[in-house]
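Descriptive analysis of the structure
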Amino acid sequence: MRLPRSWTRALFVIGTAAVLALLWSNRTNEYPLIQPDAYENLTAAYNLVHHGVISIDDAPGQTAPEASEYREPVPILVLAAYISALPSLEEPSLDQLVDIHAETLKRSNMLWGVVLSVIVFVTVARYTGSYALAAFGTVAADLGLAEHYNGLYSEVAAAALLAATCAAAATAVRRRHIGWMFATGLLAGVVALTKAAFLYAAVGLILCLAAVGAWRRLRAREDFALRAAGIAALGLALAIAPWMVRNYLHFDRLTLSSRGGQVLLTRALKNGMSAEEYRGAWFAYAPRPLRWITGRLTGFDKRDLQAGGRLVRLVRYADLRDRSAPTTGDVDGAVSYFAKAKAMRTALELRHPEADVLAIDDMLKRRAFELIRADPGAHLATTPLFLWRGAPYVFLVLLAGIGYAAVRRRWWLFAYAAPAMALVVFYALLTHFIPRYGDPLQPVACVVFAVLAHALWRAALARYRGRAPRPQGRTTGALAEPRMTEVSR
């Protein structure tokens, strides 16, 4: 559709609105910075600014901290640039920086938030022609991430970059343009440097595209998809290569992050939940608005989630023993599955003091895959449960969008939703899929929802016009031809 030419005014309005919304969302200090993942991002950024190295070592003393690859680099690099740009943030110690400038640090999310808002607004407006739907999609996307604007997790950054990747993929397919496909690969690599799990999703999508391209080459002598897969793979490789080479030089192996083992082990341990816990997990992992319904259906309530309750193993730190077991490596003393996985990691570190972080992570992965191979049926059975836990609404919207795109041959929409859907499937299969993992996917789902709502409205409007009384001809009295609509064409 052709859009009005007043893009400058539209972008100014949405950019200003995004800034005001982010200022409003950062008005409180109730959401603490000192949470494990967020604090590690800040520590790495602080060490990069003051010591020139990305490291999560928060007590380097007089010596330079040792390099680490535990956290993905893109959010750290942006946060470090933000700290460097503000002289007021140059505190002599990390503790002072947190205590004095917590609010200022949180507002580093404003950059990502504005980028996300503009991308969502432009994407919806481009594919629906409606500024009203674009505004709705933008507000919905920002509200879904409101909690993360008030901390230093990487979810807002991941949401902005994933939305950009999906938009680039849609443009590449719609225009059949190799340059846009290269940009898609580059952006996918940047997303992987923000959320390492996306690397597996991106590689899977490129392999699927290559398979489709090979089939098209044999059947129709058309090689766009095959060339697109190759150029996207090149873009992906160029984006992640510097970080992986850096890690190879420091740790003697090519890797993005060393956190996957504990997450996979947590999932593998949860595959062994009892039949009662499996039934209760549909209540424990239900979205808040649906918990009362699932509680009635399953016969569980919030008391079952507390210490001594029937579902206490599904809840992290509900039992006081979970506070100490992970730090001491007391696997048998840990109650929840989450605490047990952390205790197993600590036990390995105590048993192998000479092993580095990557070696410990490899041990955890091997143990996790041993558990999965021992009972693959249980692993498949719990996959819908973790999908329900992490992104039930997002999954349904993306599935509807992909189904509509396939039926109506809207391949640009298929390409737009595919990266997010691939990440959803990966999380459901190989992680315990906490809701935070699904939050960066919400803006993509908002765009897909807006496009589907617009298509439904157009179809309903066309059907209504088709049933309206047709005017009579002036001379013959015969029914005149109905006015052609976009749908009927």
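See the structure above.
Here, residues in each chain are numbered from 1, in the same order as that chain's written sequence. With pLDDT at 70 or above as the cut-off, local features in this predicted model cover only qualifying residues; side-chain atom pairs require 80 or more to be listed or tallied, and sums for whole chains, interfaces and linings still use all residues. Side-chain metrics rest on all non-hydrogen atoms present in the structure, leaving aside hydrogens and water.

The next thing to look at is the layout of surface pockets. For each structure, a 1 Å grid was placed over the protein atoms alone; sets of points admitting a 1.4 Å probe that cannot get out are labelled cavities, open sets with protein on both sides within 12 Å along at least five of seven lines are labelled pockets, and lining residues have an atom within 4 Å of a point. Grid points are joined across faces, edges and corners, and a volume is the space filled by probe spheres set on the points. Of the pockets and cavities examined, the second largest pocket occupies roughly 990 Å³. In terms of lining, the second largest pocket is formed by 31 residues, of which the most central are V173, L209, V212, F414 and A415. Looking at the lining of the second largest pocket, the elements that each hand over two or more residues are helix 7 (155-175), helix 8 (178-192), helix 9 (197-220), helix 10 (224-251) and helix 19 (411-430). Put simply, DSSP marks the helices as runs of H or I at least four residues long and the strands as runs of E at least two long, and each gets a number from the N terminus on. The greatest single-element share of the lining of the second largest pocket, amounting to nine residues, is contributed by helix 9.

Moving on, we come to unusual backbone geometry. Although it is not a glycine, D252 sits at a positive phi angle of roughly 65°. Structurally, D252 is set in the loop between helix 10 and helix 11 (260-270). In this structure, F433 is a non-glycine residue whose phi angle is positive, near 45°. The residue F433 is located in the loop between helix 19 and helix 20 (435-438) in this model. Classification of residues uses two cut-offs on accessible area relative to the type maximum, computed with a 1.4 Å probe and protein chains only: under 20% is buried, over 50% is exposed, and between them is partly exposed. Note on F433: relative accessible area 0%, which makes it buried.

Attention now goes to the nonpolar core. L42, L256, L398 and F433 are the most contacted members of the largest nonpolar core, which has 122 residues in total. Each residue touching L398, except ones within four places of it in the same chain, is listed here: A417, A420, M421, V424, V444, A445 and V448. For this analysis, a nonpolar core means a set of buried residues of the types Ala, Val, Leu, Ile, Met, Phe, Trp, Tyr and Cys, connected via side-chain atoms within 4.5 Å. Residues are treated as being in contact if the distance between any of their heavy atoms lies within 4.5 Å.

A few words now on the packing of aromatic side chains. Think of it this way: a Phe, Tyr or Trp ring, Trp meaning its six-membered ring, pairs with another when their centres are within 6.5 Å, and the plane angle makes it stacked under 30 degrees, edge-to-face over 60, tilted otherwise. By the definition in use, this model includes 12 aromatic pairs. Ring centres of W282 and W388 lie 6.0 Å apart, and the angle between their planes is 45°; this geometry places the pair in the tilted category. A residue pair is termed long-range when its members are at least 10 positions apart, and W282 in helix 12 (residues 275-284) and W388 in helix 17 (residues 376-390) qualify at 106 residues. Overall, the relative accessible area of 26% leaves W282 in the partly exposed class. A relative accessible area of 19% places W388 in the buried class. Relative to F338, the ring of Y317 has its centre 6.0 Å away and its plane inclined at 85°; by these criteria the two rings are edge-to-face. Of this pair, Y317 sits in the loop between helix 13 (291-298) and helix 14 (321-328) while F338 is found in helix 15 (residues 337-351), placing the two residues 21 residues apart along the sequence. Among the residues examined, F338 registers a relative accessible area of 13% and is labelled buried. Members of the aromatic cluster, joined through ring pairs, are Y200, F426, Y427, F433 and Y437. Only lysine NZ and arginine CZ atoms are considered, and such an atom sits over a ring when it is within 6 Å of the ring centre and within 35 degrees of the ring normal. Between R389 and the ring centre of Y285, over which it is positioned, the NZ or CZ distance is 4.1 Å. Above the plane of the ring of Y153 lies R436, whose end atom (NZ or CZ) is 4.3 Å from the centre.

Attention now moves to the environment of K340. Here K340 is to be found in helix 15. Residues K340 and R316, spaced 24 residues apart in sequence, show a C-alpha to C-alpha distance of 9.7 Å. If we ignore the near neighbours within four places in the chain, the residues touching K340 are L269, V331, D332 and A334.

Throughout the structure, instances matching the rule amount to two cavities of 30 Å³ or more. Estimated volume of the largest cavity: approximately 130 Å³. Lining of the largest cavity is provided by 13 residues; of these, P75, S108, N109, W112 and Y153 occupy positions nearest its centre. Residue assignment for the lining of the largest cavity shows that the elements contributing at least two residues are helix 3 (73-85) and helix 5 (109-128). Residue polarity follows a fixed list, in which Ala, Val, Leu, Ile, Met, Phe, Trp, Tyr, Cys and Pro are nonpolar, Asp, Glu, Lys and Arg are charged, and the others, Gly among them, are polar. When grouped by side-chain class, the residues that make up the lining of the largest cavity number eight nonpolar, five polar and no charged. There is about 50 Å³ of room inside the second largest cavity. Looking at the lining of the second largest cavity, the elements with two or more residues in it are helix 7 and helix 19.

Given 3.6 residues per helical turn, the α-helix brings residues three or four places apart onto the same face. Where helix 14 is concerned, the buried positions are D322, A325 and P326. End-on view of helix 14: buried residues confined to an arc of 95°, all on one side of the axis. In helix 14, those exposed residues whose orientation departs by more than 90 degrees from the buried face are R323 and T327. Next to the buried residues of helix 14 lie helix 15. Our arc is simply the arc of the directions from the helix axis toward the C-beta atoms.

For helices, the axis comes from a line fit to the C-alpha atoms of the stretch in contact; other axes are also lines fit to C-alpha atoms, and the angle between any two N-to-C directions lies between 0 and 180 degrees. One can describe the packing of helix 11 onto helix 19 by two numbers: an axis separation of 8 Å at closest approach and a directional angle of 60°. The angle between helix 11 and helix 19 places the two elements in the oblique class. Side by side, helix 11 and helix 19 meet where V263, L264 and R267 of the first sit next to A428, L429 and L430 of the second. When grouped by side-chain class, the residues that make up the contact of helix 11 with helix 19 number five nonpolar, no polar and one charged. Angle categories: roughly parallel below 35 degrees, roughly antiparallel above 145, roughly perpendicular from 65 to 115, and oblique for all the rest.

Another aspect to go through is the pattern of salt bridges. Whenever Lys or Arg places a side-chain nitrogen within 4 Å of a carboxyl oxygen from Asp or Glu, that contact is recorded as a salt bridge. Enumeration according to the criterion identifies 13 salt bridges in this entry. Salt bridges sharing common partners tie together E155, K195 and R436.

Moving on, we get to helix 12. Every buried residue of helix 12 is accounted for by E277, G280, A281, F283 and A284. Looking down the long axis of helix 12, one finds its buried residues gathered within 150° of arc, a one-sided arrangement. The secondary structure elements touched by the buried residues of helix 12 are helix 13, helix 15 and helix 17.

Moving on to the packing of helix 8 against helix 10. Running from amino to carboxyl end, helix 8 crosses helix 10 at an angle of 40°, the nearest separation of the two axes being 7 Å. Every pair of crossing elements has a handedness; the one defined by helix 8 and helix 10 is right-handed. Where helix 8 abuts helix 10, its residues I178, M181, F182, G185, L186, A188, G189, V190 and A192 lie against F224, R227, A228, I231, A232, L234, G235, L236, L238, A239 and I240. By residue class, the composition of the contact of helix 8 with helix 10 is 16 nonpolar, three polar and one charged. Helix crossings are classified by the rotation of the near helix relative to the far one: an anticlockwise turn of less than a right angle makes the crossing left-handed, while a clockwise turn makes it right-handed.

Bear in mind that shape data such as this cannot, by itself, settle questions of function.
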